[in-house]
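Residue-level structure breakdown
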Amino acid sequence: MEIIIFDTQQELDIYAADLLISVVNEKPDAVLGLATGSTPIGIYDKIVEKFNEKKVSFKEATTFNLDEYVGIGPENDQSYAYYMNKHLFSHIDIPAAQTYLPNGMAANMEEESARYDAMIQAKPIDIQLLGLGHNGHIGFNEPDDNLTGGTHSVKLKEETRLANARFFASMEEVPGYAITMGVGSILKSNTIILAVRGADKAEIVKEALTGPITTSVPASLLQTHARVIVLLDREAGRLLG
Ligand code: F6R
């Protein structure tokens, strides 16, 4: 694991954006795995800036998002599909047909999960961007005795619903279920970027990166992957020796 600690959020954002852009510039039909949440917003802003400066084109690229809420459609401004359009897709030249998210409105989640996994298998992810939940989740793979390898629907932990409530008008509106790539799918990515910021994540960063590999901290499984680049701001990295 390569761990890089940045003095400022801005530097982290630029570094992560440049990493993703360099993959696309080397391989124009690259497959990017993308995340939502608050952490990637600054990274997407920097990608859009570089796109506007004509430093990169996404015409041939494909993207797979990690997850989506169950029961809200892409027109709902809390859906991850909406978020991706708002923060990235509508500002760059990627054809909409090359951007994939799990369909949270699918009638049958098992079929949707199998369909999503088959698409990822056909187009393996070159580089996957991840954020980190306070409980160690990646995607919506919540701490558990067992983790599911492939894409699956998941009941969100109360702490995750609470953490995400800030994006919703009320706690009642926060969906109870999501559909997420599994840890197995994530670990199949060629390269993984884990981007984490903020003092409130310092403890879970330490646990995930230096603690035992355990399904009760799903991000600790990243320790088993050969090419993980961890990008931290000073606060998130403050407990690492
Ligand atoms: C989002 C996702 C989540 C977030 C995590 C951190 O697609 O998969 O695992 O990365 O909850 O969220 P933020 O960045 O909002 O702290």
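The following refers to the structure shown. Predicted, not measured: the structure shown is a model, and the values here were computed from it.

About the cut-offs
- Residues numbered from 1 in each chain as written.
- Predicted model: local features only at pLDDT ≥ 70, side-chain atom pairs only at ≥ 80, totals over all residues.
- Heavy atoms only, no water.
- 1 Å grid on protein atoms, 1.4 Å probe; cavity = no way out; pocket = protein on both sides within 12 Å on 5 of 7 lines; lining within 4 Å.
- Points joined across faces, edges and corners; volume = space filled by probe spheres on them.
- Helix = DSSP H or I, 4+ residues; strand = E, 2+ residues; numbered from the N terminus.
- Nonpolar A, V, L, I, M, F, W, Y, C, P; charged D, E, K, R; others polar.
- Pairing = 2+ DSSP bridges.
- Buried < 20%, exposed > 50% of the residue type's maximum accessible area, 1.4 Å probe, protein only.
- Arc of directions from axis to C-beta.
- Contact = heavy atoms within 4.5 Å.
- Core = buried A, V, L, I, M, F, W, Y, C linked by side-chain atoms within 4.5 Å.
- Phe/Tyr/Trp six-rings, centres within 6.5 Å; stacked < 30°, edge-to-face > 60°.
- Axes fitted to C-alpha atoms, helices over the stretch in contact; angles between N-to-C directions.
- Lys, Arg positive; Asp, Glu negative; His and termini not counted.
- Salt bridge = Lys/Arg side-chain N within 4 Å of Asp/Glu carboxyl O.
- Polar contact = N/O pair within 3.5 Å; in protein donor to acceptor, adjacent residues only side chain to side chain.

Regarding the layout of surface pockets
Counted as a void, the largest pocket has a volume near 750 Å³. Lining the largest pocket are 38 residues, and of these Gly-37, Ser-38, Asn-164, Arg-166 and Phe-167 sit closest to its centre. For the lining of the largest pocket, the secondary structure elements donating two or more residues are helix H2 (39-52), strand S4 (67-69), helix H3 (80-87) and helix H5 (158-164). Of the residues in the lining of the largest pocket, the class split is 14 nonpolar, 16 polar and eight charged.

Observations concerning the sheet that holds strand S3 (residues 62-65)
Where strands meet in a sheet, backbone hydrogen bonds hold them as pairs that are either parallel or antiparallel. Taken together, seven strands build an open sheet; the order of strands is S1-S10-S9-S6-S2-S3-S5 and the sheet is parallel. Strands with a single pairing partner mark the edges of an open sheet, and in this sheet they are strand S1 (2-6) and strand S5 (99-100). Both strand S2 (residues 31-34) and strand S6 (residues 127-130) contribute to a ladder of two bridges, which runs parallel. Considered in S6, the bridge of Gly-33 is made with Gln-128.

Details of H3
When H3 is considered as a whole, its buried residues turn out to be Tyr-80, Ala-81, Tyr-83, Met-84 and His-87. Summarising the axial view, the buried residues of H3 lie within an arc of 160°, below the 170-degree limit, and thus occupy one face. Those residues of H3 hidden inside the fold are in contact with S2, H2, S3, S4 and H5.

Some remarks on the nonpolar core
Among the nonpolar cores identified, the biggest contains 45 residues, and Ile-43, Ile-47, Phe-58, Leu-88 and Leu-231 are the most heavily contacted of them. Elements with a minimum of two residues in this core: S1, helix H1 (9-26), S2, H2, H3, S6, strand S9 (191-196) and strand S10 (228-233). Per-element accounting of this core gives the leading share, eight residues, to H1. Setting aside anything within four residues of it in sequence, one finds Ile-43 in contact with Leu-12, Asp-13, Ala-16, Ala-17, Leu-20, Leu-129 and Ala-195. One finds Phe-64, Leu-130, Met-181 and Leu-209 within the second-largest nonpolar core, a separate group that totals 28 residues.

Comments concerning the packing of aromatic side chains
One pass over the structure, following the stated rule, counts eight aromatic pairs. Pairing Tyr-69 with Tyr-80 gives two aromatic rings, centres 4.8 Å apart and planes at 45°, and the pair type is tilted. Separated by eleven residues along the polypeptide, Tyr-69 in strand S4 and Tyr-80 in helix H3 bring together distant segments of the chain. Tyr-69 sits in the buried class, given a relative accessible area of 1%. Judged by relative accessible area, which is 10%, Tyr-80 ranks as buried. Taken together, a centroid distance of 5.7 Å and an interplanar angle of 75° make the contact between Tyr-69 and Phe-168 edge-to-face. A residue pair is termed long-range when its members are at least 10 positions apart, and Tyr-69 in strand S4 and Phe-168 in the loop between H5 and strand S8 (177-180) qualify at 99 residues. There is no split in this pair, since Tyr-69 and Phe-168 are both buried. Clustering of aromatic rings is evident, with ring pairs tying together Tyr-69, Tyr-80, Phe-140 and Phe-168.

Focus: the sheet that holds strand S7 (residues 152-155)
The three strands are arranged S4-S8-S7 in an open sheet whose pairing can be described as antiparallel. The outermost strands of the open sheet, each flanked by one partner alone, are S4 and S7. Adjacent strand axes in the sheet meet at a mean angle of 25° when their direction is disregarded. The sheet contact formed by S7 and S8 spans four bridges and is antiparallel. In the sheet register, Ser-153 faces S8, and the bridge partner there is Ile-179.

Observations concerning the side chain of Glu-68
The topology assignment puts Glu-68 in strand S4. One buried charged residue, Glu-68, remains without a salt bridge, the closest side chain of opposite sign being Arg-115 at 11 Å. For Glu-68, the side chain forms a polar contact with the main-chain nitrogen of Tyr-80, separated by 2.8 Å. A distance of 3.0 Å separates a polar atom in the side chain of Glu-68 from the backbone nitrogen of Ala-81.

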